[in-house]
Amino acid sequence: KQEVTQIPAALSVPEGENLVLNCSFTDSAIYNLQWFRQDPGKGLTSLLLIQSSQREQTSGRLNASLDKSSGRSTLYIAASQPGDSATYLCAVTVTGNNRLAFGKGNQVVVIP
Amino acid sequence: SAVISQKPSRDICQRGTSLTIQCQVDSQVTMMFWYRQQPGQSLTLIATANQGSEATYESGFVIDKFPISRPNLTFSTLTVSNMSPEDSSIYLCSVELQGDYEQYFGPGTRLTVT
């Protein structure tokens, strides 16, 4: 069974600092990995999708890397802003069944 | 991408009653899923909603408790039956566009059972 772990569970950073969020998964047989953002009490917004054959994806201030062999992904958010305060969820699609396995999230607070 | 709406956005229900949640997508999709997010927890897949056939449930979830309908390629409902306070969660539907393997989520339905 695929297990997804996100570290740290929660962090606070001053505005302007770079954020580094880590995700690890136990089974490297994944089809892709997605990073999502969730605001309190709300649904999920897809941030980045990395296919298993890719090493990284970038969108604006966000960059996500994937090391499938070691079962790790990292989400970098450059020059954090208070609007980046949210929970960030990592999820992997297990090869062959379309199912997403989620981590518990990194809860981020950016202090103005 | 896809635009997904859910109704209701939130509800407070009495123990023992049932609630039906609707999910509407702005385009035809092959795969639709229902997830539950209990307070402080991550998302857990309840079932895959199959068009024209019975839903496929994950371990720990049964049709009698969570009946699902999917009458066409743009719409699905999830019913939470005979509710108890433990059913208080956010329920989310998601879709996967054909050949995309990327999932898009609706805004969620926040359910509180008293």
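Coordinates for the structure precede this section.
Residues numbered from 1 in each chain as written. Chains lettered and ligands numbered in written order. Predicted model: local features only at pLDDT ≥ 70, side-chain atom pairs only at ≥ 80, totals over all residues. Heavy atoms only, no water.

This brings us to the overall build of chain B. Counting secondary structure elements, chain B contains 0 helices and 11 strands. When the elements of chain B are put in sequence order from the N terminus, they spell out β-β-β-β-β-β-β-β-β-β-β. Against the 2.2 N^0.38 benchmark of 13 Å for 114 residues, chain B shows a C-alpha radius of gyration of 13 Å, consistent with a compact globule. With respect to the three principal axes, the spread of C-alpha positions in chain B is 40 × 25 × 20 Å. (Helix = DSSP H or I, 4+ residues; strand = E, 2+ residues; numbered from the N terminus. Rg over C-alpha atoms; globule rule 2.2 N^0.38 Å.)

With that settled, the discussion passes to the overall build of chain A. Scanning chain A for helices and strands turns up 0 helices and 11 strands. Helices and strands appear in chain A in the N-to-C order β-β-β-β-β-β-β-β-β-β-β. By principal-axis analysis of the C-alpha atoms, chain A measures approximately 45 × 30 × 20 Å. Considering only contacts in chain A between residues 6 or more positions apart, those separated by 24 or more positions represent 54%. (Contact = heavy atoms within 4.5 Å.)

Along the chain, I7 of chain A connects to P8 of chain A via a cis peptide bond; the corresponding omega equals -5 degrees. Mapping P8 of chain A onto the fold places it in the loop between β1 (4-7) and β2 (10-14). With an omega dihedral of -10 degrees, the bond running from K7 of chain B to P8 of chain B counts as a cis peptide bond. Assignment of secondary structure puts P8 of chain B in the loop between β1 (4-7) and β2 (10-13). Residue N82 of chain B is not a glycine yet carries a positive backbone phi of 45 degrees. One can find N82 of chain B in the loop between β8 (75-80) and β9 (89-96). Accessibility expressed as a relative area gives 53% for N82 of chain B, which makes it exposed. (Buried < 20%, exposed > 50% of the residue type's maximum accessible area, 1.4 Å probe, protein only.)

Moving on: the sheet that holds strand β7 (residues 62-67) of chain A. Sheet strands associate in pairs through backbone hydrogen bonding, adopting either a parallel or an antiparallel arrangement. Residue and element names in this part refer to chain A. Strand order in this open sheet of 5 strands is β1-β3-β8-β7-β6, and the pairing throughout is antiparallel. Each edge of the open sheet carries a strand with a single partner, namely β1 and β6 (56-59). In this sheet, adjacent strand axes meet at a mean angle of 15 degrees when their direction is disregarded. Across 4 bridges, β6 lies against β7 in antiparallel orientation. The partner of S59 across the bridge, within β7, is L62. (Pairing = 2+ DSSP bridges. Axes fitted to C-alpha atoms, helices over the stretch in contact; angles between N-to-C directions.)

Residue and element names in this part refer to chain A. Taken as a whole, this structure holds 4 salt bridges over all chains when the rule is applied. For R61, the salt bridge is made with D84, and the minimal N-O distance between the two is 2.9 Å. Of the two residues, R61 is situated in the loop between β6 and β7 and D84 in the loop between β8 (72-77) and β9 (86-94); the sequence distance between them amounts to 23 residues. Overall, D84 belongs to the buried group, its relative accessible area being 6%. (Salt bridge = Lys/Arg side-chain N within 4 Å of Asp/Glu carboxyl O.)

This part is about the sheet that holds strand β7 (residues 68-72) of chain B. Residue and element names in this part refer to chain B. Within the open sheet, the 4 strands sit side by side as β1-β3-β8-β7. Their pairing is antiparallel. In this open sheet, the two edge strands, each paired with only one partner strand, are β1 and β7. Taking each pair of neighbouring strands and ignoring which way they run, the sheet shows an average axis angle of 15 degrees. Judged from the 4 bridges that link them, β1 and strand β3 (residues 19-25) form a sheet pairing that is antiparallel. What sits directly across from Q6, in β3, is C23.

At the interface, 20 residues of chain A touch 21 residues of chain B. Across the chain A/chain B interface, buried area totals approximately 1,600 Å², and carbon plus sulfur atoms make up 51% of it. Remark: the boundary between chain A and chain B carries 1 salt bridge. Put simply, E58 of chain B and R99 of chain A hold a salt bridge, and the shortest N to O gap is 2.7 Å. The interface formed by chain A and chain B holds 6 residue pairs in polar contact (both at pLDDT 80 or more) in total. (Buried area = accessible area lost by both parts, 1.4 Å probe. Polar contact = N/O pair within 3.5 Å; in protein donor to acceptor, adjacent residues only side chain to side chain.)

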